[in-house]
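For reference, the chains in residue letters:
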Amino acid sequence: MVRLQSVWFLFLLGMISLLGGRVSGEPQGVKVWWTDYGSAYRLAEKERKPLLVVFEKSDASGQPKQTVRDLSQNPASSLLNPYVLCRIDVSTEIGRDLAKQFSAPGVPSVVITDKRLNRVIYRRHGPLSNLDWAVMLVSYRTGERPADRSPQATEQRTVCYT
């Protein structure tokens, strides 16, 4: 009886490893963009990850005008792993209200919260280049505001060649 249970356990373990990452219906390696802010928030809270929210407007066909879908196919997509991703359509009333709460002035806008979801550590309005995305994703991946790297006036060294 114990042997039969261990065989079933190994079978289930094998099936889980084969299906791992594909249960959500997304192809393996593709990050999931949540469209429900509440669900994204709860996941970020549970995983203690920063929440990256993109505010965009869809056209009549329901497709976003300013698309970030290509970002997950981009070489920088591995940079998305530290984040819970959320896409909000501001053409809906709920989306406009949420954008207002985040002080997103227009579309597209990107907001990143800290990993405790207490405050916004990054906010930007307007289209982003691939380089802008990469710098932003690397800079805020820990869920903390990066330290100011500009030296104070008293710390700067000067050389006088007189």
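The structure under discussion appears in the preceding block.
Residues numbered from 1 in each chain as written. Predicted model: local features only at pLDDT ≥ 70, side-chain atom pairs only at ≥ 80, totals over all residues. Heavy atoms only, no water.

J.: Any chance you could explain the overall build of the protein chain here in plain terms?
T.: Tallying secondary structure elements over the protein chain gives 4 helices and 5 strands in all. Start at the N end of the protein chain and walk to the C end: the helices and strands fall as α-β-α-β-β-α-β-β-α. Restricting the contact set of the protein chain to residue pairs at least 6 apart, pairs at least 24 apart contribute 62%. By element, 55% of the accessible surface of the protein chain is carried by carbon and sulfur atoms, the whole surface being about 11200 Å². (Helix = DSSP H or I, 4+ residues; strand = E, 2+ residues; numbered from the N terminus. Contact = heavy atoms within 4.5 Å. Areas by Shrake-Rupley, 256 points an atom, 1.4 Å probe, with all protein chains shown as cover.)

J.: Explain the sheet that holds strand β2 (residues 51-56) here, please?
T.: Hydrogen bonds between backbone groups are what pair the strands of a sheet, and the pairing can be parallel or antiparallel. Strand order in the open sheet made by the 5 strands is β1-β3-β2-β4-β5, with mixed pairing throughout. Looking at which strands have only one partner, the edges of the open sheet turn out to be β1 (33-34) and β5 (120-125). Against the sheet, helix α2 (residues 37-47) makes contact with β1, β2 and β3 (84-89), and its axis sits at roughly 165° relative to β3, the strand it touches most. Across the sheet, helix α4 (residues 130-139) lies against β2, β4 (109-113) and β5, angled at about 150° from β2, the strand it touches most. (Pairing = 2+ DSSP bridges. Axes fitted to C-alpha atoms, helices over the stretch in contact; angles between N-to-C directions.)

J.: Whenever I open this one, the environment of Leu 52 confuses me. Can you help?
T.: Positionally, Leu 52 belongs in strand β2. Remark: the alpha-carbon pair of Leu 52 and Val 111, spanning 59 residues in sequence, is separated by 5.8 Å. In this structure, Leu 52 is in contact with Trp 33, Tyr 83, Val 84, Leu 85, Cys 86, Val 110, Val 111, Ile 112, Trp 133, Met 136 and Leu 137, ignoring residues within four places of it in sequence.

J.: Quick question: what am I supposed to make of the side chain of Glu 56 here?
T.: Within the fold, Glu 56 resides in strand β2. Given a relative accessible area of 3%, Glu 56 falls into the buried group. (Buried < 20%, exposed > 50% of the residue type's maximum accessible area, 1.4 Å probe, protein only.)

J.: Help me understand α4, please; the structure alone is not making it clear to me.
T.: Three or four residues apart is the spacing at which side chains of an α-helix point the same way, because the helix has 3.6 residues per turn. Listed as buried for α4 are Trp 133, Met 136 and Leu 137. Seen end-on, α4 carries its buried residues on one side only, within an arc spanning 95°. Buried positions along α4 lie against β2, β4 and β5. (Arc of directions from axis to C-beta.)

J.: Got a minute to help me understand helix α3 (residues 93-101) in this structure?
T.: Taken residue by residue, α3 has Gly 95, Leu 98 and Ala 99 as its buried positions. Buried residues of α3 fall within an arc of 100° about the axis and therefore sit on the same side. Exposed side chains of α3 directed beyond 90 degrees from the buried face belong to Glu 93, Lys 100 and Gln 101. On its buried side, α3 packs onto α2, β2 and β3.

J.: Honestly, the pairing of β5 in this entry has me stumped. Any pointers?
T.: Successive residues of a regular strand alternate their side chains across the two faces of the sheet. As paired elements, β4 and β5 share 5 bridges and run antiparallel to each other. Bridge assignment links Val 111 to a residue of β5, and that residue is Arg 123. Connecting the antiparallel pair β4 and β5 is a turn made up of 6 residues, with Leu 117 showing a positive phi of about 60°.

Structural measurements only, silent on function.
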